[in-house]
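# Chains, contacts and geometry: an overview
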Amino acid sequence: MSAWGSKSERVREHVLDLVETMAVGDRIPAERKLAEELDVSRMTLRGVIDDLVREGYLNRRHGSGSYVAEPKIAQPLTMTSFSDDMRLRGFVPSGRTLELVTVAAGARLARRLQVSPTEPVVRALRLRLADDVPMAIETLHVLAALVPGLTADDLEHSSFYDLLAARYGVQLGTGAQVIEPTVTSEEESARLGVPVHSPAFLFERTTRDSAGAVVEFVRSIYRGDRYQLTATLLAPKRRDQDRARSGPAPTIAESHS
Ligand code: 16G
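This section reports on the structure supplied with the text. It should be emphasised that the depicted structure is a prediction, and the values quoted were computed from it without experimental measurement.

Before going further, it helps to examine a negative patch on the surface. On the surface, Glu-9, Glu-13, Asp-17 and Glu-20 cluster together to form a negatively charged patch. The topology assignment puts Glu-13 in helix H1 (residues 7-21). Glu-13 sits in the partly exposed class, given a relative accessible area of 34%.

Taken as a whole and assessed by the stated rule, the structure comprises 15 salt bridges. Of the charged contacts, one joins Arg-60 and Glu-31 as a salt bridge, the two residues approaching to 3.3 Å between their closest N and O atoms. Placement of the pair is Arg-60 in strand E1 (residues 58-61) and Glu-31 in helix H2 (residues 31-38), with a sequence separation of 29 residues. Given a relative accessible area of 14%, Glu-31 falls into the buried group. Here Arg-191 ties to Glu-187 by a salt bridge, and the two come within 3.6 Å at their closest N and O atoms. Residue Arg-191 and its partner Glu-187 are located together in helix H8 (residues 186-192), separated by four residues, close to a single helical turn. Here Arg-191 falls in the partly exposed class, since its relative accessible area comes to 29%.

Around the ligand sit 16 residues, and of these Ser-83, Glu-138, Ser-159, Phe-160 and Arg-205 come closest. Between an oxygen atom of the ligand and a side-chain N or O atom of Arg-126, the distance comes to 2.9 Å. Phe-160 places a main-chain nitrogen or oxygen 2.7 Å from an oxygen atom of the ligand. Here the ligand, which alone exposes 460 Å², has 99% of that area covered by the protein. Mapped onto the shell around the ligand, the elements with two or more residues apiece are helix H4 (82-88), strand E5 (120-130), helix H7 (160-166), strand E8 (199-209) and strand E9 (214-223). Residue contributions to the shell around the ligand peak at three residues, all from E9.

The rules behind each value
Residues numbered from 1 in each chain as written. Predicted model: local features only at pLDDT ≥ 70, side-chain atom pairs only at ≥ 80, totals over all residues. Heavy atoms only, no water. Patch = residues over 30% accessible without salt bridge, like charges linked within 9 Å, V, L, I, M, F, W, Y side chains within 5 Å. Areas by Shrake-Rupley, 256 points an atom, 1.4 Å probe, with all protein chains shown as cover. Salt bridge = Lys/Arg side-chain N within 4 Å of Asp/Glu carboxyl O. Lys, Arg positive; Asp, Glu negative; His and termini not counted. Charge placed at Lys NZ, Arg CZ, Asp CG, Glu CD. Helix = DSSP H or I, 4+ residues; strand = E, 2+ residues; numbered from the N terminus. Buried < 20%, exposed > 50% of the residue type's maximum accessible area, 1.4 Å probe, protein only. Near = heavy atom within 4 Å. Polar contact = N/O pair within 3.5 Å; in protein donor to acceptor, adjacent residues only side chain to side chain.

Below, the structure written as C-alpha cells:
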C-alpha cells in the first residue's frame, strides 16, 4: 500500500488493483471481510465501493454483493459511426427508432443546420444498443430534402452513415463535437436501464459533407458507466519551429489544438 493519499484513496487503489486481477462477473469479497483485511471501517469501505459502482467498475446486486463490471468502451474522438465503433470492438450493434418526425427547423436548429427556420427537418430519436444492451440515446436532425424516404425502419436496420453514402450519395467531410458531463433524466434513465441521475456524456455533433454543407446535428447521451473518451495528442507546436518554417516570429498566439 502506498504512503500517499487519504485512507479512502488507499482503499480505492487496493480495490481497483483487486478488480484488475479478477474476471468480469466475479464477485469481490464480502464488505465485512474486505474491511477487516484492509483494516478500515465498513463505512469507509462502503463509501469507496459506492463510488466504484457509480463509476461503472462494479455492479452491486442487492443481498448478494458487488461484482466486477464490464470494462468501459474507449471511445476515440473521431468521426466514426456508432455501428462501426461497436463492430470494431466485437459487439453487435443494433438500434430502436423511438420516434421519427418531420418538423420545421425553428430558429435554433436552423442556425445549426444553416438553413431557414421553415426548412423541413427529420428528427429521429434513436436508442443505440451493443449486444442488446442500451448504450446511448441519440437525437438526430437532418434536412428532409437530403434524405427523401428515410424511415424509422431504415434506421433500425442500417447505419445512418452507410445510408448517407450508399443511398443518398453524401460523402462526409468534417465534424465538430462538443462534449459535456451530465446526468441522466428520469426518461433517459428508463430507456438506458440505469438509475436516475447516473453520470453520462452529452455529445453534440455537427457533421458536414465534403463540400462543407451541414449534414447532421446530433445530440447524444452516452452512458458514463460504460464509456471513457480517448484522444490522440500531438506534440504542441513550438514557436521556434514555426519561426524556422515561416521566417519572422508570428504575432498571433498559438491555438491549443
Ligand atoms: C455516432 C455519432 C452520431 C452519428 C452516428 C451514426 C457520436 C457522439 N455520435 O453515434 O452523430 O449520427 O454515430 O451512427 O459519436 P450509425 O451510422 O451507426 O447510424
